[in-house]
Amino acid sequence: MHALPALPAISAGWAWGAIAVVIALALVFVAPPLADRVPILRSWRRHWAVWALLAALAGTGLSAARAVWRMSEVLPVEREGQTMTLSGRIASLPQRTAGLGGIEGWRFVFEVESPEDMSAGPQVGAEAAAAASSAPSRLLLSCYQMPTTPRAGERWRLDVKLRRPHGLMNPKGFDQALWMLEQDLPAAGSCKSKGQVRLAPGGFGIDALRQSLRDAIDRQLSAPGDRRGAGVLAALSLGDQGAVSATDWALYRDTGVSHLLSVSGLHVTMFAWLAGGLASLAWRRSPRPCLWIPAPRAAMWIGVASAALYALFSGWGVPAQRTVGLLAILAMLRQAGARWPWPMSLGVAAAVVCVADPWALTQPGFWLSFCAVALLMAADIGPGSGWRGALRAAWRTQWVVTLGLAPLTLLLFQQLSVVGLLANAIAIPLVSYLITPLAMLGPLCPPLWTLGGWLAGALHQGLEALRGLPLAVWHLPWAPAWAQGLALVGGVALAMPWPWRLRLGGLALCVPMMWPTVERPPPGHVELWLPDVGQGGAAILRTHRHTMVFDAGPKWGPGSDAAQRVLLPMLRGLGDRRLDLLMVSHADQDHAGGTPSLLQAMPVDRRLGAVPGGQACHRAQRWDWDGVRFEVLSPFVDESPIAEPTGRQRNGASCVLRVEAAGRRVLLTGDIESPQEARLVREEGEAGLGAEVLVVPHHGSRTSSSLAFVRSVAPRVAAVQSGYLNRFGHPRPEVVDRYVDAGALVLNTVDCGAWRWRSDQRAPPLSECERAKRRRYWLSPPRLPSSDEGEGEGEDADLGGASEGRQPVAA
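All values derive from a computational prediction rather than experimental measurement.

**Quick notes on a nonpolar patch on the surface**
A surface patch of nonpolar side chains, amounting to about 260 Å² of accessible area, comprises Ile 206, Leu 312 and Trp 316. Examined against the element boundaries, Ile 206 turns out to sit in helix H8 (residues 206-220). Classification of Ile 206 by relative accessible area gives partly exposed; the value is 39%.

Set out below in structure tokens:
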């Protein structure tokens, strides 16, 4: 269902009707009078395949109904970019974020009030009520320079600009639109810095209680050195994963312990065990309750109920859902005196999770969680006798999970922590048996949070030492689907207590995924990748034996840039472990923002342009790689560098690179403007600039792409890298018209996603768009920019006065 490029042309009512028919058929099979009289029904009723088919049909109908319903709530296209005044309630724990220049901001879920509720509030007019009637009920907002720190449960009136769910689209990359669909967020938006008014403080409820506990943790661990520990305690006790910084999540991911820093099945089970134990002690103190319900049964159900409340309180993640489902099934089986085999219990728990959330199947956590439990149940690891037996059982448990999930981890994240086994041996007892209980008991005794913060600090020091070891993290190229399937089977064979011959066979099945063949262009040809980096520039060029990056993409805020999120995962997925050349056209942050991250994470043999320690680029620089010719066309040698250039002067000094392979040319232009274009036309002649692929100068700004330049280049494909609904209106309509009139196909990464071009292939350009390859019903299909598109303004339009694309990065 979730792999469909478009939803069936049915209404939600028809989908629910199909589910009702399936349920009716199931009841017919179950009804003894009818099923016993009809021989074929009697035989079908006993066959598992019939029940599997009915379950699949019901699940498909349910998913279709839910998908049609949710897609109908998505913000209409005509409402994008419009300013609305909305009143509502903050429905999540606000997460602190930072905009350009380090401006403080907040990100939270906002529940819009109905027009009736708004009209009853203070200072809310008819216009705001009308806006609320057309706005989705739940929004994901990013607000900067708020007058006070926002808190969960508070009522605010905000001036917002909304957009439909949309995110960067790169190979194997994160799908923001899918995540918003799963979270039931039909729109995202940004708040205007003016017009932010708090209407009422937070009231009572789960969100308000979670907010008060997070505030208490922050007060207890208020010292600057304790902030990391406070984030860990909030994540473990409240499910507030946003309290952990992106840097720390990268540390946990590289050391293979990220599963421990979220509310997992172990934490939920531990809470249920503690609650059940306390309930049993209290129950036994009074004979009357014991006559009504035996103490063990009462403790069992109180433990299950406590686990459900804790899972709900901590964010209701997939591991918590799975654990609560399993605990409830086991409790019901024990209550009924029945026994199910573990595959049936786990399967029913998975089905319950999918019924509650049909999009759980698209989450990596769903597969990692259920596969880990399935491996442990299949391995049937006993508790062991004595402390030596307990240690052996714990070691074998970790070994089974690490080996069995290694191929799945590589498939989902393209990396594997080599030090993960040792890191988990340290982190599991420390987090599960010390830090987590301290985080849970902190509300009763706040000094316990201080102790938990100290232990979290010790954990961070140990993990950083392990990550510093050589080859601590293993990054692998993307493997074909058949190799991934073989590796999944091989991982199970390696983890199971089977004979060593079978285990060695499982190891052999993993080889194609562990050492995949890296595809590169043949000698004399070049491959160009234009990643989707939003409002910025970046390109990857690969020949038979060399790789270079031209521009490193934008920086979105402290600790967040295009190199970390886009370029490095792509380079590693393509099989590149080092760069032969990093060339940055100029020092604006939308082209150079990812440079430090790229230099830190990957060896670079040569640096050119606005790169720290790099050589300045100038005309007449040339080199050949594997029969492919590279030539710098601008800036010119007689153009003296400016000590403190303005934004426009930096644009004019952009490096321009021409690549020629097998008679086909690519021209990368940075942010050059009309004066530089005119000189290039004069120096190269009318037809000397000709190129098949042109990366459009300055994202399609009106200050570039002059008519003479466009006619001189005469590109077959004019590729634009710009941000969704960016505030600059790039690409400008008149610029798009200019290229279309010259016979070019205009591609925009906003609509195309990442785009690939190879000089040895003649594929239709649109077929190489990532959005064309990854067609899903929640994604907008690839399209061509129309010349009548006006200026837009997206979620990054108001970053507290920061000017995107104009902040220099020191070279």
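**Remarks on the packing of helix H20 (residues 481-495) against helix H21 (residues 500-514)**
In contact at an axis separation of 7 Å, H20 and H21 are set at 155° when each is read in the N-to-C sense. Between H20 and H21, the crossing angle belongs to the class labelled roughly antiparallel. Remark: the crossing between H20 and H21 carries left-handed chirality. Of the residues in H21, those in contact with Trp 482, Ala 483, Gln 484, Leu 486, Ala 487, Val 489, Gly 490, Gly 491, Ala 493 and Leu 494 of H20 are Leu 502, Arg 503, Gly 506, Leu 507, Leu 509, Cys 510, Pro 512 and Met 513.

**Remarks on the pattern of salt bridges**
Inspection of the entire model under this criterion finds 36 salt bridges. One salt bridge connects Arg 89 with Asp 207, and the closest N-O pair in it is separated by 3.6 Å. Separated by 118 residues along the polypeptide, Arg 89 in strand S1 (residues 83-90) and Asp 207 in helix H8 bring together distant segments of the chain. Close ionic contact of Arg 619 with Glu 684 constitutes a salt bridge, the shortest N to O distance being 2.6 Å. One end of the pair, Arg 619, is in the loop between strand S16 (607-609) and strand S17 (622-625); the other, Glu 684, is in helix H26 (residues 674-684), and 65 residues separate them in sequence. Grouping residues by exposure puts Arg 619 and Glu 684 together as buried. Sharing partners across several salt bridges, the network here consists of Glu 519, Arg 520, Glu 527, Arg 542, Asp 576, Arg 756, Arg 758, Asp 760, Glu 768 and Lys 773.

**A few points about the sheet that holds strand S20 (residues 664-668)**
Ordered by their spatial adjacency, 7 strands build an open sheet running S17-S18-S19-S20-S21-S22-S23, and the pairing between neighbours is mixed. The open sheet has two edge strands, S17 and strand S23 (745-748), and neither has a second partner. When strand polarity is set aside, the average angle formed by the axes of neighbouring strands in this sheet is 20°. With 3 bridges connecting them, strand S21 (residues 693-695) and strand S22 (residues 717-720) associate as parallel partners. Considered in S22, the bridge of Val 695 is made with Ala 719.

**Looking at the nonpolar core**
Residues Met 548, Met 583, Leu 657 and Trp 755 are the most contacted members of the largest nonpolar core, which totals 31 residues. If we ignore the near neighbours within four places in the chain, the residues touching Met 548 are Ala 539, Ile 540, Leu 541, Leu 581, Met 583, Trp 623, Trp 625, Phe 630 and Leu 657. Residues Ala 216, Leu 221, Leu 236 and Leu 261 belong to the second largest nonpolar core, which totals 30 residues.

**Re the side chain of Asp 551**
Here Asp 551 is to be found in strand S12 (residues 547-552). No salt bridge forms around the buried Asp 551; measuring N to O, its nearest opposite-charge neighbour Arg 650 is 12 Å away. A distance of 2.6 Å separates the side chain of Asp 551 from the backbone nitrogen of Ser 585, its partner in a polar contact. Looking at Asp 551, its side chain comes within polar contact range of the side chain of His 591, at 2.7 Å.

**Focus: the sheet that holds S16**
A sheet is described by the order of its strands in space; here 6 strands give the open sequence S16-S15-S12-S11-S10-S24, paired in mixed fashion. For this open sheet the edge positions go to S16 and strand S24 (755-758), each flanked by a neighbour on one side alone. With direction set aside, neighbouring strand axes in the sheet form an average angle of 15°. Here 5 bridges tie strand S11 (residues 538-542) to S12, and the two strands are oriented antiparallel to one another. Paired with Ala 538 across the two strands is Ala 552, which belongs to S12. Contacting strand S10 (527-530), S11 and S12, helix H22 (residues 562-574) crosses the sheet at an angle of about 165° to S12.

**Quick notes on the packing of aromatic side chains**
Any aromatic ring pair is given by two values, namely how distant the centres are and how the planes are angled relative to each other. Inspection of the entire model under this criterion finds 10 aromatic pairs. Considering the side-chain rings of Trp 249 and Tyr 252, the 5.7 Å spacing of their centres and the 85° angle between planes classify their relative orientation as edge-to-face. Taken together, the residues span about one helical turn, with Trp 249 and Tyr 252 both in helix H10 (residues 246-255) at a distance of 3 residues. Overall, the relative accessible area of 17% leaves Trp 249 in the buried class. Accessibility expressed as a relative area gives 0% for Tyr 252, which makes it buried. Ring centres 6.1 Å apart and planes at 55° place the aromatic pair Trp 623 and Trp 625 in the tilted group. Counting every residue linked through ring pairs, the aromatic cluster contains Phe 366, Trp 367 and Phe 370. One residue, Arg 565, lies across the ring of Trp 556, its end atom 4.7 Å from the ring centre.

**Details of the environment of Leu 488**
Locating Leu 488 in the fold gives a position in helix H20. For the pair Leu 488 and Pro 407, spaced 81 residues apart in the sequence, the C-alpha separation amounts to 5.6 Å. Apart from residues lying up to four places away in sequence, Leu 488 is in contact with Pro 407, Leu 408 and Leu 411.

**Let's talk about helix H19 (residues 447-467)**
Under the 1.5 Å per step criterion, the end-to-end length of H19 is 31 Å for 21 residues, consistent within 8% with the ideal 30 Å. When H19 is considered as a whole, its buried residues turn out to be Trp 449, Thr 450, Gly 452, Gly 453, Ala 456, Leu 459, His 460, Leu 463 and Leu 466. Buried residues belonging to H19 abut H8, helix H9 (227-238), H10 and helix H18 (420-441).

**Notes on the state of the cysteines**
The final tally for this structure, using the stated rule, is 3 disulfides. Note that Cys 752 is cross-linked by a disulfide to Cys 769, the S-S spacing being 2.0 Å. Its torsion about the S-S bond being -105°, the disulfide of Cys 752 and Cys 769 is classed as left-handed. A residue pair is termed long-range when its members are at least 10 positions apart, and Cys 752 in helix H29 (residues 749-752) and Cys 769 in the loop between S24 and helix H30 (770-773) qualify at 17 residues. For Cys 752, a relative accessible area of 3% gives the class buried. Take the cysteines of the protein that form disulfides and number them in order along the sequence; they join up as 1-2, 3-4, 5-6.

**Some details on the pairing of S1**
Examined bridge by bridge, S1 and strand S5 (residues 155-163) share 7 bridges and lie antiparallel to one another. The residue of S5 that forms the bridge with Thr 85 is Asp 159. Inspection of the sheet shows S1 paired to strand S3 (residues 104-112) by 3 bridges, in the antiparallel sense. Bridge pairing links Arg 89 to Glu 111 in S3.

The rules behind the values
- Along every chain, residues carry numbers that run from 1 in the direction the sequence is written.
- Predicted model: local features are reported for residues with pLDDT of at least 70 only, side-chain atom pairs are reported and counted for 80 or more only, and whole-chain, interface and lining totals are derived from all residues.
- As a rule here, side-chain values cover all heavy atoms of the structure and leave hydrogens and water aside.
- For patch building, the residue pool is restricted to those with more than 30% relative accessible area and no salt bridge; the joining distance is 9 Å between like charges and 5 Å between nonpolar side chains (Val, Leu, Ile, Met, Phe, Trp, Tyr).
- Throughout, the Shrake-Rupley method with a 1.4 Å probe supplies accessible areas, and for residues the shown protein chains are the sole cover considered.
- Here, a salt bridge means any side-chain nitrogen of Lys or Arg that lies within 4 Å of a carboxyl oxygen of Asp or Glu.
- Secondary structure follows DSSP: runs of H or I at least 4 residues long count as helices, runs of E at least 2 residues long count as strands, and numbering of each begins at the N terminus.
- Relative accessible area decides the class of each residue, using a 1.4 Å probe on protein chains only: under 20% of the type maximum gives buried, over 50% gives exposed, and in between gives partly exposed.
- Every axis corresponds to a line fitted to the C-alpha atoms, with the helix fit spanning only the stretch in contact, and the corresponding angles, defined between N-to-C directions, vary from 0 to 180 degrees.
- Roughly parallel covers angles under 35 degrees, roughly antiparallel covers those over 145, roughly perpendicular covers 65 to 115, and oblique covers all other angles.
- Throughout, a crossing is termed right-handed when the near helix is turned clockwise from the far one, and left-handed when it is turned anticlockwise from it by less than a right angle.
- Residues count as neighbours in contact if any of their non-hydrogen atoms are within 4.5 Å of one another.
- Strands were regarded as paired on the criterion that DSSP finds at least two bridges between them.
- For the purposes of this section, nonpolar cores are sets of buried Ala, Val, Leu, Ile, Met, Phe, Trp, Tyr and Cys residues that join through side-chain atoms within 4.5 Å.
- The convention is simple: Lys and Arg are positive, Asp and Glu are negative, and His and the chain ends are not counted.
- Here a polar contact is recorded for every N or O atom pair within 3.5 Å, except that within protein the pair must consist of a potential hydrogen donor and a potential acceptor, and residues adjacent in sequence are included only if both atoms are side-chain atoms.
- Stacked, edge-to-face and tilted labels apply to pairs of Phe, Tyr and Trp rings (six-membered ring for Trp) whose centres lie within 6.5 Å, assigned for plane angles under 30 degrees, over 60, and everything in between, in that order.
- Distance and angle both matter: a charge sits over a ring if NZ of Lys or CZ of Arg is within 6 Å of the ring centre and within 35 degrees of the ring normal.
- Expected helix span is given by 1.5 Å per residue-to-residue step, counting one fewer step than there are residues.
- The rule for a disulfide is simple: a pair of cysteine sulfur atoms within 2.5 Å.

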